Amino acid sequence: MSAIPVAPEAPGGDTEHRPLGDFGGFLNLEQLDRDLFRGWCHDGIPLRAFGGQVAAQALTAASRTVPEDRLVHSLHSYFLRAGNTAHPLIYTVERVRDGASYLSRRVTAVQGGEIVFTLSASFKKPEETEDRQMAMAEVADPHSLPDMYEIWERNNPEDYRQAEFRRVVEMRMAPPPAEPVPGLTEQKLWMRSAERLPDDPMLHACALAYASDLFLAPATALATERPRMLREEPPSVFLTSLDHAVWFHRPFHADDWMLFSQRSPTAGDGRGLAFAEVWSLDGKLIAHVVQETVVRPARAPSS
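These figures come from a predicted structure and were not determined experimentally.

Which residues make up a nonpolar patch on the surface, and what are the values?
Residues Y78, L80 and I115 make up a contiguous nonpolar surface patch of about 290 Å² in total accessible area. Looking at where I115 falls in the secondary structure, it is placed in strand β9 (residues 114-124).

Give me the lowdown on the environment of T293, citing residues and values where you can.
Considering the arrangement of structural elements, one finds T293 in strand β15 (residues 285-297). As for T293 and F238, which are separated by 55 residues in sequence, their C-alpha atoms are 9.7 Å apart. Here Q291 takes part through its side chain, which lies 3.1 Å from a polar atom of the side chain of T293.

For the confidence of the model for the chain, give the residues involved together with the corresponding values.
Low-pLDDT stretches of the model should not have their predicted coordinates read in fine detail. The pLDDT averaged across the chain works out to 90; a share of 91% of its residues lies at or above 70. Throughout residues 5-20 the model reports pLDDT below 50, and contacts reaching past four residues in sequence, or to other chains, amount to 36 contacts.

Describe the nonpolar core, listing the residues and the values that go with them.
Residues Y91, L208 and Y210 are the most contacted members of the largest nonpolar core, which totals 69 residues. Ranked by residue count, the leading element in this core is helix α5 (residues 201-212), at nine residues. Counting seven residues, the second-largest nonpolar core is a separate cluster that includes L145, A174, L259 and W279.

Account for the packing of aromatic side chains, naming residues and giving values.
Going through the model one piece at a time under the given rule, you end up with ten aromatic pairs. Ring plane angle 55° and centroid distance 6.4 Å describe the contact between Y149 and F165, whose orientation is recorded as tilted. Of this pair, Y149 sits in helix α3 (residues 148-155) while F165 is found in the loop between α4 (157-162) and β10 (169-173), placing the two residues 16 residues apart along the sequence. With a relative accessible area of 8%, Y149 lands in the buried category. Taking the relative accessible area as the measure of exposure, F165 reaches 6% and is therefore buried. Taken together, the ring pairs in this structure connect Y149, W152, Y160, F165 and F215 into an aromatic cluster. Positioned over the ring face of Y160 is R166, at 4.3 Å from the centre of the ring.

Conventions we followed
Residues numbered from 1 in each chain as written. Predicted model: local features only at pLDDT ≥ 70, side-chain atom pairs only at ≥ 80, totals over all residues. Heavy atoms only, no water. Patch = residues over 30% accessible without salt bridge, like charges linked within 9 Å, V, L, I, M, F, W, Y side chains within 5 Å. Areas by Shrake-Rupley, 256 points an atom, 1.4 Å probe, with all protein chains shown as cover. Salt bridge = Lys/Arg side-chain N within 4 Å of Asp/Glu carboxyl O. Helix = DSSP H or I, 4+ residues; strand = E, 2+ residues; numbered from the N terminus. Polar contact = N/O pair within 3.5 Å; in protein donor to acceptor, adjacent residues only side chain to side chain. pLDDT = per-residue confidence, 0-100. Contact = heavy atoms within 4.5 Å. Core = buried A, V, L, I, M, F, W, Y, C linked by side-chain atoms within 4.5 Å. Buried < 20%, exposed > 50% of the residue type's maximum accessible area, 1.4 Å probe, protein only. Phe/Tyr/Trp six-rings, centres within 6.5 Å; stacked < 30°, edge-to-face > 60°. Lys NZ or Arg CZ within 6 Å of the ring centre and 35° of its normal.

Have a look at this one:
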């Protein structure tokens, strides 16, 4: 099993299961039964659970039911309802298949008697085979780029203070392309865990799953509005994730810089599609992410 922490039941009340402020805390789950877990999530927007944390907690729950020699290689998930951060989520793991090489798990997250999220994840034994990948495009080194949080805090201090993910993820943004491709929106973000993580591959995979949902949906709206960290005005577009998939290709450490090269080739019918190639600092292609997102004009605030 993974070394991702599982919280014991605390006699002092539910608040003792809330996130602790690091990735271990954000992925903390209370084990209620053999394949049943409970976890708390922080806001993505007010009172709506951040989807990346829901996916990472679901993957954490799944990882609790597989041997240590099986590593996650893919996950596919659907966001069905908004999770309420005032209440915990209950994760049920279904052991779909235990094969000699591959294992499959299905996780259902329930709140208030309703399913809010589902995830299917596949795990496998590592194999020694021929390795091939495309070359990483040239991009500015993260150490040469400004801290996005300093810019964000200056532009919109209230929005910055409400963003819980800044406590666990460092971020740098590379300059936009000099010659944008018509119809394609792009952004490149360097991200890493703000603290060193234990040497546990599953914890690093869950940390990447958490980070993979950060600013991928907004990539579908870059033709309409600037990134959240760079603007002072409120959003003009309503965004919410519909589904989310990650393929893990090679070993990596989420506490080292990872480049999320994000692009959105299409948006229409109230939906946008976004992709991300995830690279290590030394140019290894470590993951791919795909997400479909609701993209609609934001409603004017009521009086």
